[in-house]
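An overview of the molecular structure
Now for the letters of each chain:
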Amino acid sequence: MSRDARGPRIVFWRHGQTSWNLESRFQGTTDIALTGEGVRQAQRAARLLSGLRPDLLISSDLQRARHTAEELAKVTGLAVEHHEGLRETYAGSWQGLTNAEIRARYPEEYTAWAQGEPVRRGGGELSTEVADRAVPVVLDAAEKLPENGTLVVVSHGGTIRTMLGRMLGMEAALWECFGGLSNCCWSVLGRGTRGWRLLEHNAGTLPQPVIGDDT
């Protein structure tokens, strides 16, 4: 991905590792801190992303995203704007449960979600509702970019998936076609003559297992 690519770009950067990622617990909007490894992941990724000379930096206000964004702020000198709208999907009673616990306690709900039906997991948000609150935050920031500028958005795996799907004009039922993001990896959208297009997905390192909220 070249800094000299023409047109605005948006880098969607997932936060670093947390203890709940390691335990396969659904985090949702629960405010979980980065592990020591998560901090190191953020520091490494920040060094790589700084090479793009980003122009703007926005982040979810949850601490795992906020602290990830701070590592990029340190090496670029950019200020970070924090937005509640960039939080992970609220998943109600699913939050804090492992994948096995969710399957055991909510088998019908889990099966419906796994089959692609619109489900309020744990009584929480629909994916389309997450996109409704997150995408306007990103588009508003993108409007402030200079010509050929780069925006970095620090958020969460599930929320990033909804933003990619919505901004690429895909039907919600197809958003699960995007594989999950590994901790501190990113996806990139570029603005072309026909709208936004996917330039990279789950970039930043050699392939790694995806651990996190994608149960």
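Here, every reference points to the structure presented above.
The text that follows walks through the structure, step by step, so that each part is easy to find. This structure is a prediction, so every number in the text was calculated from the model and none was measured.

Here's the deal with the overall build of the chain
- Helix and strand content of the chain: 7 helices and 6 strands.
- Traced from its N-terminal end to its C-terminal end, the chain shows the element sequence β-α-α-β-α-β-α-α-α-β-α-β-β.
- Expressed along its principal axes, the backbone C-alpha trace of the chain runs to roughly 50 × 40 × 30 Å.
- Counting only residues that meet the buried cut, the chain has 51% of its 215 residues in that class.
- Once local pairs closer than 6 in sequence are excluded, the contacts in the chain between residues at least 24 apart make up 70%.
- Of the roughly 9,800 Å² of accessible surface on the chain, 49% is carried by carbon and sulfur atoms.

As for the pattern of salt bridges
- In this structure the tally under the stated criterion is 10 salt bridges.
- Ionic pairing is found between Arg40 and Glu37, a salt bridge with its closest N-O pair at 3.3 Å. With a gap of 3 residues between them, Arg40 and Glu37 both fall in helix α2 (residues 36-50), about one helical turn apart.
- On the accessibility criterion, Glu37 (35% relative accessible area) is partly exposed.
- Across the pair Asp61 and Arg87 runs a salt bridge, and its minimum N-O distance is 2.7 Å. Here Arg87 lies in the loop between β3 (81-83) and α4 (99-105) and Asp61 lies in the loop between β2 (56-60) and α3 (63-76), a separation of 26 residues in the sequence.
- With a relative accessible area of 22%, Asp61 lands in the partly exposed category.
- When salt bridges with common partners are traced through the structure, they connect Glu23, Arg25 and Glu101 into a single cluster.

Re the sheet that holds strand β6 (residues 195-203)
- What the 6 strands build is an open sheet, ordered β3-β2-β4-β1-β5-β6; its pairing is mixed. Of all strands in the sheet, those with a lone pairing partner are β3 and β6, marking the two edges. Strand-to-strand, the axes of this sheet are offset by a mean angle of 20°, without reference to chain direction.
- In the sheet, β2 pairs with β3 via 3 bridges, with the strands oriented parallel. Counterpart to Ile58 in the pairing with β3 is Glu81.
- The strands touched by helix α7 (residues 157-167) within the sheet are β1 (9-14), β4 (150-155), β5 (186-192) and β6, with β1 carrying the most contacts at an inclination of about 155°.

Looking at helix α6 (residues 127-142)
- In this model α6 runs 22 Å from its N-terminal to its C-terminal C-alpha over 16 residues, within 8% of the 22 Å that 1.5 Å per residue would give.
- A bend of about 25° at Ala134 is the largest found in α6, and the proline Pro136 appears one to four places after it.
- Within α6, burial applies to Val130, Ala131, Ala134, Val135, Val137, Val138, Ala141 and Ala142.
- Check the buried side of α6 and you find it contacts β1, β2, β3, β4 and α7.

Focus on the packing of α6 against α7
- Their axes nearest at 8 Å, the elements α6 and α7 cross at an angle of 75°. The orientation of α6 relative to α7 falls into the category roughly perpendicular. On the side of α6, the interface is formed by Ser127, Thr128, Val130, Ala131, Asp132, Ala134, Val135, Val138 and Leu139, while α7 contributes Thr159, Thr162, Met163, Arg166 and Met167.
- Of the residues assigned to the contact of α6 with α7, the class counts are 8 nonpolar, 4 polar and 2 charged.

A short note on the pairing of β2
- Within β2, 4 of the 5 residues are buried, leaving the element largely enclosed by the surrounding structure.
- The sheet contact formed by β2 and β4 spans 4 bridges and is parallel. Paired with Ile58 across the strands is Val153, a residue of β4.
- Each parallel crossover has a hand, and the one from β2 via α3 to β3 is right-handed.

Reading the values: the criteria
- Going along each chain's sequence as written, the residues are numbered from 1 onward.
- Note on the predicted model: pLDDT of at least 70 is required for a residue's local features to be given, and 80 or more for side-chain atom pairs to be given and counted; whole-chain, interface and lining totals, by contrast, use all residues.
- With hydrogens and water excluded, all non-hydrogen atoms of the structure serve as input to the side-chain values.
- By the criteria applied, helices consist of DSSP H or I runs no shorter than four residues and strands consist of E runs no shorter than two, each listed in order from the N terminus.
- Relative accessibility thresholds used throughout: buried, under 20% of the residue-type maximum; exposed, over 50%; partly exposed, between the two (1.4 Å probe, protein chains only).
- Two residues qualify as a contact provided that any one of their heavy atoms is within 4.5 Å of a heavy atom in the partner residue.
- Under the convention used here, a 1.4 Å probe and the Shrake-Rupley method define accessible areas, while residue burial counts only the protein chains that appear.
- Criterion for a salt bridge: a side-chain nitrogen of Lys or Arg within 4 Å of a carboxyl oxygen of Asp or Glu.
- At least two bridges found by DSSP between two strands are what make those strands a pair.
- In this description, a line fitted to the C-alpha atoms serves as the axis of each element, helices being fitted only across the stretch in contact, and the angle between N-to-C directions of two axes falls anywhere from 0 to 180 degrees.
- Expected helix span is taken as 1.5 Å per residue step, with the number of steps being one fewer than the number of residues.
- Bend angle per residue: angle between axes fitted to the 7 residues ending at that residue and the 7 residues starting there.
- For this classification, under 35 degrees means roughly parallel, over 145 means roughly antiparallel, 65 to 115 means roughly perpendicular, and everything else is oblique.
- Gly counts as polar in this scheme, as do all residues outside two lists: the nonpolar Ala, Val, Leu, Ile, Met, Phe, Trp, Tyr, Cys and Pro, and the charged Asp, Glu, Lys and Arg.
- Clockwise travel from the first strand over the helix to the second, with the strands pointing away from the viewer, marks a crossover as right-handed.

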